[in-house]
Structure formats: C-alpha cells, structure tokens
Amino acid sequence: MRFVERTLRKVQIAPRQCVPDELGGIREEFSSRKTSLRCVIVPANNTLSYAANALNPMEHGAYSRQSLKLLLPRKTAIHVGDGICLDGEEKPDWRCISLERWSSHLVAKIERLA
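Everything numeric here is computed off the predicted structure, so don't read it as measured data. (Residues numbered from 1 in each chain as written. Predicted model: local features only at pLDDT ≥ 70, side-chain atom pairs only at ≥ 80, totals over all residues. Heavy atoms only, no water.)

Digging into the overall build of the chain
Helix and strand counts for the chain come out as zero helices and eight strands. Looking at the chain as a whole, 29% of its 114 residues qualify as buried. A total of about 7900 Å² of accessible surface is found on the chain, and carbon and sulfur atoms cover 52% of it. (Helix = DSSP H or I, 4+ residues; strand = E, 2+ residues; numbered from the N terminus. Buried < 20%, exposed > 50% of the residue type's maximum accessible area, 1.4 Å probe, protein only. Areas by Shrake-Rupley, 256 points an atom, 1.4 Å probe, with all protein chains shown as cover.)

See below:
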C-alpha cells in the first residue's frame, strides 16, 4: 500500500512499561522515550450513521469509546498496549488495542484513554 504524502500525519509511539510502586504493586505507565513517525489516520468504523457506529444512546447515556485506525509502515515497532500521541500531544491520550499485519503495512486500532 502506498501512502499519499498529503494524508500523512505525525504521531509518536510511547512503549508501555510496568513500574513497581512504593507499596510493592505494579502499575502501568508509558515510557518517556517516544518514537516519532508519520502515518495515515482513518476512522475505525463506518461513518455513515450513528446506528452503523453503535453510537445509539444506552439507558444511562453511555456511548461506545472513540476509536481510530492508524495505517503504519510495515516495520514499525508497535505493540498492543502502547500509548499513542497524535499531533504534538505531550502525553499519550490513545492506546493501541489491536494490530493487523498486512503484506505492505500495519493497521493499528487505537482507542482514546478515559
């Protein structure tokens, strides 16, 4: 798959790491060492209607989480659980929840952190 230059956007990948706290528990964080790259960002779902995107309001007004797909170069070092910074964000506001490997590129589905 060829990426069109005008559709590429800058993102940063922050690897997930587990850090012990002072009480002996383990908490999940994102590394401060980020990898910068350019990729194509597309909607994760059908954008034609709310019903197609499962955005129908539930009893308590809850909606499905916001998600996107990143089309990345084949050799990108990304894993499920890594944090993603879009367009100059300081800390990761997105998390990789799934990866699909294709012959010439990767598709990473990302979800906004709460």
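A closer look at the sheet that holds strand β7 (residues 94–101)
In space, the six strands of this closed barrel follow the order β1-β4-β5-β8-β7-β6, with antiparallel pairing throughout. Each adjacent strand pair in this sheet contributes to an overall mean axis angle of 45 degrees, direction not counted. Here strand β4 (residues 35–43) pairs with strand β5 (residues 67–73) via four bridges, running antiparallel. When the bridges of β5 are listed, proline 43 appears paired with leucine 68. (Pairing = 2+ DSSP bridges. Axes fitted to C-alpha atoms, helices over the stretch in contact; angles between N-to-C directions.)

Topic: the nonpolar core
Counting 16 residues, the largest nonpolar core has Leu70, Leu72, Ile78 and Ile84 as its most contacted members. Broken down by secondary-structure element, the contributors of at least two residues to this core are β1 (8–14), β4, β5, β6 (83–86), β7 and β8 (105–112). With sequence-adjacent residues up to four places away left out, isoleucine 84 is seen in contact with Val11, Gln12, Ile13, Leu70, Ile78, Glu89, Pro92, Asp93, Trp94, Cys96 and Ile110. (Core = buried A, V, L, I, M, F, W, Y, C linked by side-chain atoms within 4.5 Å. Contact = heavy atoms within 4.5 Å.)

Comments concerning the pairing of β8
As paired strands, β5 and β8 are joined by seven bridges and run antiparallel to one another. Its bridge partner being in β8, leucine 68 is matched across the sheet by isoleucine 110. What sits between the antiparallel neighbours β7 and β8 is a turn of three residues.

A word on the pattern of salt bridges
Applying the stated criterion across every chain, the model contains four salt bridges. Between arginine 95 and glutamate 28 there is a salt bridge, with the nearest N and O atoms lying 3.0 Å from each other. Pair noted here: arginine 95 is in strand β7 and glutamate 28 is in strand β3 (residues 26–30), with a separation of 67 residues, a long-range link. Within the structure, one salt-bridge network assembled from shared partners comprises Arg16, Glu28 and Arg95. (Salt bridge = Lys/Arg side-chain N within 4 Å of Asp/Glu carboxyl O.)

Side note on the pairing of β4
By the bridge criterion, six bridges tie β1 to β4 in an arrangement that is antiparallel. Bridged to arginine 9 within β4 is cysteine 39.

Points about the environment of proline 92
Structurally, the position occupied by proline 92 is in the loop between β6 and β7. Using a relative accessible area of 12% as the deciding quantity, one classes proline 92 as buried. For proline 92 and serine 32, which are 60 residues apart along the polypeptide, the C-alpha to C-alpha distance reads 9.9 Å. For proline 92, the contacting residues outside a window of four places in its chain are Ala14, Phe30, Gly83, Ile84, Cys85 and Leu113.

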